[in-house]
Amino acid sequence: MLDAVPSLRLKVREAVPEADGVLGIVLVDPWGTELPPWEPGAHLEVRLPSGRIRHYSLSGDPGDRSGYRLGVLREPDGRGGSEELHTTPLVGRLLDVRGPVNRFPLVPADGYLFIAGGIGITPILPMVRALAAASSPPWQLLYGGRTLASMAYREELTALSALTGLAGGNVAFAPQDTHGLLNLDDALSGLPDTTAVYCCGPNGLIEAVERRVPAATLHVERFTAPTDPTAPTPDAFEVELHRTGRVLQVPADRSLLDVVREAVPSVPSSCEQGICGTCETKVLAGTPDHHDTVLTPAERSSGTTMMICVGRSKSPRLTLDL
């Protein structure tokens, strides 16, 4: 849980373009102290100047603890976080962060295929860097984007591919305006069962990969929640807030988070789609009904924690540590 990870106040040292629409942000300790260690796949929870909370993957080198690098895609039609970062003077500003947290770790495997779409390259780049430095096992990266100019970190990836050589790893750039959609059938055909497939990017890309790759070898990270048109209509239930004893009604047409906010306005939240983990809350009694993509199967089975932005209850009452 996020309670177990560091809370830091870091200074923005750099805010520079990494590609069309992608801003690279480097955060450092104001006094020059080394930052906590992290591993490929990790992300930071960042409180923006407005107070919004957002999550961004670490895209730099885990071996360099002098700073944390983030890559932020500008989304004018998004929920405002990326637009704020792209339009606010950031250099020299102090930002509160929590992390690093890693829910997308690089697991041991005999080989790796990475599939990145757009800004989905950010958590994958450190994985490629780690494998290139180790010289084995073999890896491949298929990297797509709207245009070549919109695809960040191309030079770094080309250098990493050259470092290991084609026998160890290679990168294929496939901008949509010149190559069309990623050719997943060719990329995934004939893969050994011992190859781990990592995918990060738009939901359409992830869902296409999920249709082609066994769940046992697939690892994904989402930026938006998957759609489920077959999901049943939710039931109403009660939530008890343990610290005050207050009991609230959660109707079928409202989220648990919305109802909890009536009594605890400061309850943290960010994505409100069940993909980031900010609203993770301890469950003291009752049986949670999980709808997030954050918790592992074991964490879900334990019933001791849940994401209250999308989670509901299988029991008539749920008691939360709030």
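Refer to the structure printed above.
Go over the overall build of the protein with me, naming the residues and quoting the values.
Within the protein, the regular secondary structure consists of eight helices and 18 strands. A compact globule built from 322 residues would reach a C-alpha radius of gyration of about 20 Å, and the protein, at 21 Å, matches this within 12%. Taking the principal axes of its C-alpha atoms as reference, the protein extends roughly 60 × 50 × 35 Å. For the protein, with 322 residues in total, the buried portion stands at 48%. Within the protein, contacts between residues at least 6 apart in sequence are counted, and of these 64% link residues at least 24 apart. Here the protein displays about 15,300 Å² of accessible surface, and carbon together with sulfur accounts for 52% of that area. Of the charged side chains in the protein, 28 are positive and 38 negative, and the gap between their average positions amounts to 5 Å.

So what about the nonpolar core? Which residues, and what values?
In terms of nonpolar packing, the biggest core is built from 27 residues, with Phe-114, Trp-139 and Leu-141 touching the most fellow members. At the level of elements, strand 7 (111-117), helix 2 (121-134), strand 8 (139-145), helix 3 (154-164) and strand 10 (195-201) are the ones that each hand at least two residues to this core. When residues in this core are grouped by element, the largest group, seven residues, is from helix 2. Leu-141 has contacts with Phe-114, Ala-116, Ile-121, Ile-124, Leu-157, Asn-170, Val-171 and Ala-172, leaving out every residue within four places of it along the chain.

Explain the environment of Pro-126 residue by residue, including any values.
Note on placement: Pro-126 falls in helix 2. Looking at Pro-126, the relative accessible area reads 0%, which means it is buried. Between the alpha carbons of Pro-126 and Gly-51 there is a distance of 28 Å; along the sequence they are 75 residues apart. With residues up to four places along the chain from it excluded, the contact list for Pro-126 reads Trp-38, Pro-40, Leu-58, Ser-59, Gly-60 and Pro-62.

Account for empty space enclosed by the protein, with residues named and values stated.
Per the stated rule, a full pass over the model turns up one cavity of 30 Å³ or more. As a volume, the largest cavity reaches approximately 30 Å³. As for the largest cavity, its lining consists of Ile-25, Leu-27, Val-46, Tyr-56, Leu-70, Val-72, Leu-85 and Leu-95. Among the secondary structure elements, those contributing two or more residues to the lining of the largest cavity are strand 2 (22-28) and strand 5 (68-73).

I'd like to hear about the pattern of salt bridges, residue by residue, with values.
The tally for this structure, following the rule as stated, stands at 17 salt bridges. Here Arg-222 ties to Glu-210 by a salt bridge, and the two come within 2.7 Å at their closest N and O atoms. Taken together, the residues Arg-222 in strand 11 (residues 218-222) and Glu-210 in helix 6 (residues 203-210) connect sequence positions twelve residues apart. Measuring nitrogen to oxygen at the nearest pair gives 4.0 Å for the salt bridge that ties Asp-292 to Arg-300.

Outline the packing of aromatic side chains, supporting the account with residue identities and numerical values.
Summed over the entire model, instances satisfying the criterion amount to five aromatic pairs. Residues Tyr-112 and Phe-114 carry aromatic rings whose centres are separated by 5.9 Å and whose planes lie at 0° to one another, so their mutual orientation is stacked. Looking at Tyr-112, the relative accessible area reads 7%, which means it is buried. Arranged with centres 5.9 Å apart and planes meeting at 55°, the rings of Tyr-143 and Phe-173 form a pair that is tilted. Of this pair, Tyr-143 sits in strand 8 while Phe-173 sits in strand 9 (residues 169-175); the two residues are 30 residues apart in sequence, bridging distant segments of the chain. Take Tyr-143: its relative accessible area is 0%, and that puts it in the buried class. Within the aromatic cluster, the residues linked to one another by ring pairs are Phe-104, Tyr-112, Phe-114 and Tyr-198.

Parameters and conventions
Residues numbered from 1 in each chain as written. Predicted model: local features only at pLDDT ≥ 70, side-chain atom pairs only at ≥ 80, totals over all residues. Heavy atoms only, no water. Helix = DSSP H or I, 4+ residues; strand = E, 2+ residues; numbered from the N terminus. Rg over C-alpha atoms; globule rule 2.2 N^0.38 Å. Buried < 20%, exposed > 50% of the residue type's maximum accessible area, 1.4 Å probe, protein only. Contact = heavy atoms within 4.5 Å. Areas by Shrake-Rupley, 256 points an atom, 1.4 Å probe, with all protein chains shown as cover. Lys, Arg positive; Asp, Glu negative; His and termini not counted. Charge placed at Lys NZ, Arg CZ, Asp CG, Glu CD. Core = buried A, V, L, I, M, F, W, Y, C linked by side-chain atoms within 4.5 Å. 1 Å grid on protein atoms, 1.4 Å probe; cavity = no way out; pocket = protein on both sides within 12 Å on 5 of 7 lines; lining within 4 Å. Points joined across faces, edges and corners; volume = space filled by probe spheres on them. Salt bridge = Lys/Arg side-chain N within 4 Å of Asp/Glu carboxyl O. Phe/Tyr/Trp six-rings, centres within 6.5 Å; stacked < 30°, edge-to-face > 60°.

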